Amino acid sequence: MTIVGIDPGTSNSALALTPQQLYHACDPAQFGFQTTAELEGLTELIGQMRAMDAVRFGAGIHHAGYNIFVLGPSGMGKRTMVRQFLAQKAQSEHESADWCYLNNFAQPHKPQAIRLPSGKGAELRHHMGQLVDYLRSAIPALFESDEYRAKAEAIQNEFNKRQEQAFRELGDAAAKQQIVLLRTPSGFALAPTRNQEVLPPEEYAKLPEEEKQAIASAIAGLQERLEKLLGLVPQWWKERSEQIKLLNRETTLSTVKHVVDELRGRFSELPIIQQYLDVVQQDMVENVDDFRKQEESSTVSGLTIVARETFHRYQVNALVTNGKQAGAPIVSEDNPTYSNLIGRVEHTAQLGALVTDFTLIKPGALHRANGGYLLLDARKVLMQPFAWDGLKRALQAREIRIESLGQMYSLVSTVSLEPEPIPLDIKIVLFGDRLFYYLLQQYDPDFGELFKVAADFEDRIERNADNHMLYARLIATLATKEKLLPFDRSAVARVIDHSARLVGDARRLSTHMRSVADLLQEADYWARQAGHGVVLVSNVQQAIDTQIHRQDRVRGQLHEAILRGTLLIDTQGAVTGQINALSVLQLGDFAFAQPTRITATSRLGEGEMVNIEREVKLSGAIHSKGVLILSSFLASRYARNQPLALSASLVFEQSYGQIDGDSASLAELCALLSNLANVPIKQSLAVTGSVNQLGQVQAIGAVNEKIEGFFDICQARGLSGEQGVLIPVANIEHLMLRRDVVAATEAGQFRIHAVAHVDQAIALLTGQPAGAADASGAYPAGSINQRVAARVAELVELRKAFGRQPESTRRPRKGGSDPAGRAAGSN
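Conventions used here
- Residues numbered from 1 in each chain as written.
- Predicted model: local features only at pLDDT ≥ 70, side-chain atom pairs only at ≥ 80, totals over all residues.
- Heavy atoms only, no water.
- Helix = DSSP H or I, 4+ residues; strand = E, 2+ residues; numbered from the N terminus.
- Rg over C-alpha atoms; globule rule 2.2 N^0.38 Å.
- Buried < 20%, exposed > 50% of the residue type's maximum accessible area, 1.4 Å probe, protein only.
- Contact = heavy atoms within 4.5 Å.
- Areas by Shrake-Rupley, 256 points an atom, 1.4 Å probe, with all protein chains shown as cover.
- Lys, Arg positive; Asp, Glu negative; His and termini not counted.
- Charge placed at Lys NZ, Arg CZ, Asp CG, Glu CD.
- Pairing = 2+ DSSP bridges.
- Axes fitted to C-alpha atoms, helices over the stretch in contact; angles between N-to-C directions.
- Expected span 1.5 Å × (residues − 1).
- 1 Å grid on protein atoms, 1.4 Å probe; cavity = no way out; pocket = protein on both sides within 12 Å on 5 of 7 lines; lining within 4 Å.
- Points joined across faces, edges and corners; volume = space filled by probe spheres on them.
- Nonpolar A, V, L, I, M, F, W, Y, C, P; charged D, E, K, R; others polar.
- Parallel < 35°, antiparallel > 145°, perpendicular 65-115°, else oblique.
- Left-handed = near helix turned anticlockwise from the far one by under 90°.

### Side note on the overall build of the protein
Counting its regular elements, the protein contains 30 helices and 33 strands. A globule of 827 residues ought to have a C-alpha radius of gyration of about 28 Å, yet the protein, at 48 Å, is considerably larger. Projected onto its principal axes, the C-alpha positions of the protein cover 165 × 85 × 50 Å. Here the protein, with 827 residues, has 45% of them falling under the buried criterion. Contacts spanning at least 24 positions in sequence make up 76% of the contacts within the protein whose residues lie at least 6 apart. Element-wise, carbon and sulfur atoms account for 50% of the exposed surface of the protein, whose accessible area totals about 41,200 Å². Treating the 86 positive side-chain charges of the protein as one cloud and the 94 negative ones as another, the clouds have centres 5 Å apart.

Now the structure itself:
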């Protein structure tokens, strides 16, 4: 593909562009296929070698901070391409470990984190569940067995025998002293007897005093023995309880040890599991009653509540298990909240209170991707409160510490857990626009340390024959993936042409995959509607036209306002100090242009350039800069050795919104020169381009939209052959105009001129030569530059004359008029 241009230094006249320069078509004949069904698909995006090299480097280097930030606009296929590459790489990498949280029997509020080989976490959870289920039925049955009952009864009988023998011996000793040991509901009592019968109180009162003292002395001695005996009873009960407890332990241990030993055998290569099972076995033996009494009831406010033992402390919280996935994990988190990244501790409500335990610890994306890759959208992470800080904290500490935000910031006082941190070995891949990357680089001091690899995806590639073929294969790949009809080679060529139009450059192709895929899908729809078996070029064109039609309501209304005279735009005649500029409006993904009238006035002054948009705060910084450049150009060309004694005003007529950019500076300068030279400008022409202090015309954006915007107005009013647009020479290679614009130009009904200097533009706009200065600095008589120079000199003389007037004449009274000023300011 050859693009014709001009050398600005070789000609003082504008270049009339040929139809071949307006649209650089892709020739279908260069393709050796008939439809894309014959082509082999692509395995990666075209033109992204630099970005993919960066991804390979970032994924391969294993040092701290070498996480990846993938730059580029959305819709380019970045995530799909990176994920596809990582999926292939991850298959050859080691499987990530399982991570489990276990009950910390010594400190239950600090659950223990253990690392297990891939798949072992789920296996341990399963077998521990089976173990508990078995013991919940086996242990109660064991304590109901005849063997256990016999052993327990033997211990009880021995206790009873010892107690009865002790009291029998005390009773016999009392009987020898005619004292009886009585058992009452309130305890034991000693009473005197006669003839083996208890002596009534009245009989006891009749006894001689000596005998009473003897009985009292005997009872006192026996009472002392009784108290000692009663003091031994709790000790015997304790011994009995210890024996029963020992029996229970031995009975339980025989069963628990058997099933735990089976589990030990399954995890014999894991010492940490052996240690855990030792602690579990000890706790089960010590708390065997929990297995025997699995339900407890209590009454609260008249309600009977039955509590069942859940044995949570023996469960295994398999936080992350990767047994079913080969290679390193690849996780994409679409909702990267703080808890979804770092994990959380959940709570359950019980009797109006929030309670938790280690089984309610839930993993975050960092846990699931540990040992692999985590893919995140930078914008979503930055939008979530605390998510970005939490992610950075985890990467800096190289560990995942689950913390409640409420506790971190003292917002709640609910008792929670302090899970043991889990070591972090991960590669983060952030996707985001370039703006996010550069803002983070500038304002976040930690960002550069944590994301050292930037993978910058190209949004355009060079247009050549090789890339044309790659683009055809890309179309074939997308058609196969989306189950579309094959595209014939003419349709492929039209898609390539449209891709160049998307980037506004005839020498480049767009890599925005979403736009290309949307076009292919819509072309497929129209082909099926027409009953075609292959997508034709007409179907592609129909898809392009309908895309525009769906979005051009505002454009149609603005064009209607121009055609009805509501917005004043002339396309014929000539007016001094008035010019048609071209402005672009961007509505979402749709950009269009319309002509805008710019007018210029001048008067005697101090050399100031009044930008009316700026005065009312409707001018952006770049537009204001462009106006200041005009002032500098005028002073350097026409008032190099004298003061610039003029004031000028520039305004976008009927503009009621913000204006920015410098693409109208050439039009503004030409309008001002027209006013100063008092030479009218052809209203059949529109102008776009920026200008520098030397008068050189510089490239602008959206050149295709601007040409088409003016063409549409001219076409609606009737093409005369005199209408056209002036563009910068540097924009020739960007032209990819609509076919109707090219056809009108070829038929001589519309003209497009390329200019490299303001002199070329003003000559074409006025029909009079601009004029070049001779060795003495003088311009040819009658030329535009000579007229402007003469007007500037005239204003200088007026300024000198005004300066010689008396003070009273130069300074009018308050509220009065200034005849001299009025005369000097007249045009």
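### Let's talk about the sheet that holds strand β19 (residues 427-432)
An order of β11-β16-β19-β2-β20 is seen for the 5 strands of this open sheet, with the pairing classed as parallel. The strands lining the two open edges of the sheet, one partner per strand, are β11 (330-332) and β20 (453-456). Across the sheet, the axes of successive neighbouring strands diverge by a mean angle of 20°, strand direction being ignored. Strands β2 (68-71), β16 (373-377), β19 and β20 of the sheet are contacted by helix α2 (residues 49-60), whose axis makes an angle of about 155° with β20. Those strands touched by helix α3 (residues 78-91) are β2, β11, β16 and β19, and its axis lies near 175° from that of β16.

### Concerning the sheet that holds strand β6 (residues 187-194)
The strand order across the open sheet formed by 3 strands is β5-β6-β7, and the pairing between neighbours is antiparallel. Every interior strand has two partners, whereas the edge strands, β5 (179-184) and β7 (197-198), have only one. The pairing of β5 with β6 spans 6 bridges and is classified as antiparallel. Along β6, the bridge assignment pairs threonine 184 with glycine 187. Packing of helix α7 (residues 209-266) onto the sheet brings it into contact with β5 and β6, and relative to β6 it is tilted by some 155°.

### Focus: helix α18 (residues 489-503)
If you check α18, its first and last C-alpha atoms are 22 Å apart, about what 15 residues at 1.5 Å a residue would give, namely 21 Å. The buried fraction of α18 amounts to 12 of the 15 residues, a majority that puts the element mostly inside the structure. Following α18 by one or two positions, glycine 504 adopts a phi angle in the positive range, close to 65°.

### Overview of empty space enclosed by the protein
Throughout the structure, instances matching the rule amount to 1 cavity of 30 Å³ or more. The volume enclosed by the largest cavity comes to roughly 70 Å³. Taken together, Ile155, Glu158, Phe159, Arg162, Trp236, Glu239, Arg240 and Gln243 make up the lining of the largest cavity. Those elements giving two or more residues to the lining of the largest cavity turn out to be α5 (146-176) and α7. Per-class residue counts for the lining of the largest cavity are 3 nonpolar, 1 polar and 4 charged.

### Quick look at the packing of α18 against helix α19 (residues 513-529)
Running from N to C, α18 and α19 cross one another at 140°; their axes reach a closest spacing of 11 Å. Judged by the inter-axis angle, α18 sits oblique to α19. For α18 against α19, the interelement crossing comes out right-handed. Of the residues in α19, those in contact with Val495, His498 and Leu502 of α18 are Ser515, Val516, Leu519 and Leu520. Looking at the contact of α18 with α19, its residues break down into 5 nonpolar, 2 polar and no charged.

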